[in-house]
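Chain and residue survey
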Amino acid sequence: MAEADTGDEADRLELDDDGWRERLTDEQYRILRQRGTEPPFTGRHHRTKVAGTYRCAGCGNPLFRSEAKYESGSGWPSFFRPTDPDRLRNRTDHSDSMVRTEVLCARCDGHLGHVFEDGPAPTGLRYCVNSASLDLDPDGDEDVAPDGSAGPAEIN
Ligand SMILES: [Zn+2]
């Protein structure tokens, strides 16, 4: 591992391919690591209105808050603002004969979706994110161990 990381990079999560396959479900791996897209209206979060924090499904980075989520009609979870722009990274995406702005998690480089400039006020942005890239952490769950890094909690 490189030791010359800058302060901003200290928090990064980098795994090799086997590590990601072990950590993620097949669907999450396909989307986060292979820049896939789930079919619209199929994800678990596009209609969710639960108050909480949407974390990167790859590394737990708190990317979006429910207050910034809105119904865009696209069939994917849509947000007009991230919790902190520094937690995201943008990259120009020329795939599928379009020029779009891809949005990645700044901590693990996981593919989240794309950002478009047709969103609502106050930002005018629409972060169009795959449900599979997000884990919802509902408010009021502070009793859950903060180191719950082993994956989603089992519901008994
Ligand atoms: Zn991440």
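Scroll up for the structure.
If you're wondering where the values come from, they're calculated on a predicted model, not measured in any experiment.

**Topic: the sheet that holds strand 5 (residues 88-93)**
- Strand order in this open sheet of six strands is 3-4-8-7-6-5, and the pairing throughout is antiparallel. In this open sheet, the two edge strands, each paired with only one partner strand, are strand 3 (69-70) and strand 5.
- Pairing geometry for strand 6 (residues 100-105) and strand 7 (residues 111-116), over four bridges, is antiparallel. Within the sheet, the bridge partner assigned to Leu104 lies in strand 7 and is His111.

**Section: the environment of Ala121**
- For Ala121, the location among the structural elements is in the loop between strand 7 and strand 8 (126-129).
- For Ala121, a count of 6 C-beta atoms within 10 Å corresponds to the exposed category.
- Counting along the chain gives 41 residues from Ala121 to Phe80, while the straight-line C-alpha distance between them is 7.8 Å.

**Some remarks on the sheet that holds strand 9 (residues 134-138)**
- Spatially, three strands are ordered 2-1-9 in an open sheet, and the strand pairing comes out antiparallel. Strands at the two margins of the open sheet, each flanked by one partner only, are strand 2 (62-65) and strand 9. Averaged over neighbouring strand pairs, the angle between their axes works out to 30° when direction is ignored.
- When strand 1 (residues 52-56) meets strand 9, the two strands line up antiparallel, connected through five bridges. Within strand 9, the position partnered with Cys56 by the bridge is Leu134.

**Quick look at the environment of Cys59**
- Relative to the elements of secondary structure, Cys59 occurs in the loop between strand 1 and strand 2.
- By C-beta crowding, Cys59 is classed as buried, having 21 other C-beta atoms within 10 Å.
- Distance from Cys59 to Leu134, taken between C-alpha atoms, is 9.9 Å for residues 75 residues apart in sequence.
- In contact with Cys59, not counting residues within four places along its chain, are Leu13, Cys105, Arg107, Cys108 and Gly110.

**Observations concerning the nonpolar core**
- The biggest cluster of nonpolar side chains holds 26 residues, and the ones touching the most others in it are Cys105 and Val129.
- The set of elements that each furnish at least two residues to this core consists of helix 2 (26-33), strand 1, strand 2, strand 6, strand 7, strand 8 and strand 9.
- Beyond its immediate stretch of four places on either side in the chain, Cys105 contacts Cys56, Gly58, Cys59, Asn61, Leu63, Leu88, Gly110 and Leu112.

**Comments concerning unusual backbone geometry**
- At the junction of Ala121 and Pro122, the peptide bond is cis and its omega measures out at 5° in the coordinates.
- In this structure, Ser97 is a non-glycine residue whose phi angle is positive, near 55°.
- Locating Ser97 in the fold gives a position in the loop between strand 5 and strand 6.
- Among the residues examined, Ser97 registers 5 C-beta atoms within 10 Å and is labelled exposed.
- Although it is not a glycine, Asp109 sits at a positive phi angle of roughly 65°.

The rules we used
Residues numbered from 1 in each chain as written. Predicted model: local features only at pLDDT ≥ 70, side-chain atom pairs only at ≥ 80, totals over all residues. Pairing = 2+ DSSP bridges. Helix = DSSP H or I, 4+ residues; strand = E, 2+ residues; numbered from the N terminus. Buried ≥ 20, exposed ≤ 12 C-beta atoms within 10 Å, placed from the backbone. Axes fitted to C-alpha atoms, helices over the stretch in contact; angles between N-to-C directions. Contact = placed C-beta atoms within 7 Å. Core = buried A, V, L, I, M, F, W, Y, C linked by C-beta atoms within 7 Å.

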